[in-house]
Amino acid sequence: MGFGVPTITPNPKPFPGVIPNVIALPYGKCPPFHIMAPSWRTLLKLMARLSGTRLEPTVEAMAVVKTEMRLRIVVSFVKVHHASSEWYTVLYMTIDHPIPPSAPAGWRYRNGDTSTLPWSYTLAQQPPFLRDGADAPLSKFYTIPVNQDTPFPTLPISFPNLATYLASALENSRDAMHDSSSGLRRLAKYIDQFYPSDRAGLDDAPERSGMRQRLKNLVGIGHKPQRDRNAEMYELVTPFVPDDFGR
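Here is what the cut-offs are and how they apply
Residues numbered from 1 in each chain as written. Predicted model: local features only at pLDDT ≥ 70, side-chain atom pairs only at ≥ 80, totals over all residues. Heavy atoms only, no water. Pairing = 2+ DSSP bridges. Helix = DSSP H or I, 4+ residues; strand = E, 2+ residues; numbered from the N terminus. Buried < 20%, exposed > 50% of the residue type's maximum accessible area, 1.4 Å probe, protein only. Contact = heavy atoms within 4.5 Å. Axes fitted to C-alpha atoms, helices over the stretch in contact; angles between N-to-C directions. Phe/Tyr/Trp six-rings, centres within 6.5 Å; stacked < 30°, edge-to-face > 60°. Salt bridge = Lys/Arg side-chain N within 4 Å of Asp/Glu carboxyl O. Core = buried A, V, L, I, M, F, W, Y, C linked by side-chain atoms within 4.5 Å. Polar contact = N/O pair within 3.5 Å; in protein donor to acceptor, adjacent residues only side chain to side chain.

(A) Quick look at the sheet that holds strand β3 (residues 54–57). Spatially, β1-β3-β7 is the arrangement adopted by the 3 strands of the open sheet, whose pairing is mixed. At either margin of the open sheet sits one strand with a lone partner, and together these are β1 (22–25) and β7 (157–158). Judged from the 2 bridges that link them, β3 and β7 form a sheet pairing that is antiparallel. Opposite R54, over in β7, you have S158 as the bridge partner.

(B) Broad picture of the environment of P127. Mapped onto the elements, P127 comes out in the loop between β5 (87–95) and α3 (128–131). We classify P127 as buried; its relative accessible area is 7%. When the C-alpha positions of P127 and H34 are compared, they lie 9.9 Å apart, and in sequence the two are 93 residues distant. Ignoring any residue separated from it by four or fewer positions in sequence, one finds P127 in contact with P32 and Y92.

(C) Region of interest: helix α5 (residues 186–194). Taken together, the buried positions of α5 are occupied by R186, L187, A188, Y190, I191 and F194. Here the buried face of α5 lies against α1 (40–49), β4 (71–79), β5, β6 (139–143) and α4 (159–175).

(D) View of the sheet that holds β6. Spatial strand order, β2-β5-β4-β6: 4 strands in an open sheet with antiparallel pairing. Edge positions in the sheet fall to β2 (33–37) and β6, since each has one partner strand and no second. Across the sheet, the mean angle separating the axes of adjacent strands is 20° when strand polarity is ignored. By the bridge criterion, 5 bridges tie β4 to β6 in an arrangement that is antiparallel. Its bridge partner lying in β6, V75 is registered against Y142.

(E) Region of interest: the packing of aromatic side chains. Evaluation of the coordinates by the stated rule reveals 8 aromatic pairs. Summarising the aromatic geometry, the rings of Y109 and W119 are spaced 5.3 Å apart at their centres and angled 80° between planes, so their arrangement reads as edge-to-face. Of this pair, Y109 sits in the loop between β5 and α3 while W119 is found in the loop between β5 and α3, placing the two residues 10 residues apart along the sequence. One exposure class covers both Y109 and W119, and it is buried.

(F) Geometry of the pattern of salt bridges. Applying the stated rule across the entire model yields 5 salt bridges. The salt bridge partner of E68 is R70, with a shortest N-O separation of 2.7 Å. In this structure R70 comes out as partly exposed when scored by relative accessible area, which is 27%.

(G) Main features of α1. Counted residue by residue, α1 has 7 buried out of 10 residues, so it is predominantly covered. Of the residues making up α1, those classed as buried are W40, T42, L43, L44, K45, M47 and A48.

(H) Structural context of the environment of Y142. Residue position: Y142 is located in strand β6. With 45 residues separating them in the primary sequence, Y142 and L187 have C-alpha atoms 6.3 Å apart. Not counting residues within four places of it along the chain, the set of residues in contact with Y142 comprises I73, V74, V75, T114, S173, G183, L184, R186 and L187.

(I) Layout of the pairing of β3. The two faces of β3 differ: L55 and P57 on one face are buried, but R54 and E56 on the other face are not. In this sheet, β3 lies alongside β1 in parallel orientation, the contact comprising 4 bridges. Bridge assignment links L25 to a residue of β3, and that residue is P57.

(J) Up close: the nonpolar core. Grouped together as the largest cluster of nonpolar side chains are 41 residues, with contacts concentrated most on L55 and I73. Listing elements by their share of this core, those giving two or more residues are β1, β2, α1, β4, β5, α4 and α5. Of all the elements, α4 adds the most residues to this core, at 8 residues.

(K) Focus on the side chain of S39. Take S39: it is sitting in the loop between β2 and α1. Judged by relative accessible area, S39 falls into the buried class, the value being 8%. Separated by 2.8 Å, the side chains of S39 and T42 make a polar contact. Those residues in contact with S39, other than ones at most four positions away along the chain, are T89, Y195 and D198.

Given below as structure tokens:
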């Protein structure tokens with residue numbers, strides 16, 4: 001977790017020290033913030049339990065941007081080494097940045113292509129695993145696009161609500177599994193390919209229609225929840241509740 005390059009080792013080390021309550025994201029020219037976990041499901045479980053941690057813009061960012069700021073998220077899957085069958089999940093995050101009218105091939109950043117990094121990722125040196133491309137032998141990445149069900153998250157946002165957003169992005173990807181005309185299904189295909197044993201746990205989630213409405217409520221695009229917000233979150237993340245080892 002941090003702004004540096006993720007360290008990929010066969011035995012991942014726990015985060016040193018205490019995870020902060022506030023993670024401040026700069027605006028503009030800065031490497032993306034990342035969180036790494038052994039799997040997608042482990043990542044969501046971790047974020048769901050960190051109710052006291054949130055992402056927000058830095059003071060400097062708020063001095064520059066007077067409108068609401070939104071996250072641009074890229075999900076990366078990195079192979080531990082060339083002879084391994086293990087893949088880690090790395091979540092990258094930046095604050096969205098407008099695309100200058102004069103930007104070369106600016107249309108590439110506006111068409112919702114899941115294999116193109118957002119414009120905000122071009123403002124600083126990209127991490128090596130993202131520079132290798134969206135479908136390299138040892139790494140893959142998926143840029144979460146915007147749509148009606150998953151608007152880009154608004155800052156500040158808590159980690160549990162961010163986990164909800166990621167679960168919604170995966171649900172949308174699964175809905176597109178039979179659509180070969182876009183890259184929307186790539187996220188679900190990667191997760192099923194790299195973490196086949198996780199699918200059973202994910203399939204224990206509430207029925208899809210009910211889950212979709214809870215997701216909308218929690219990211220602020222649905223009607224006001226009728227039940228207590230904590231009860232909604234508990235029901236949503238029940239499949240992701242970590243055990244004593246955080247797995």
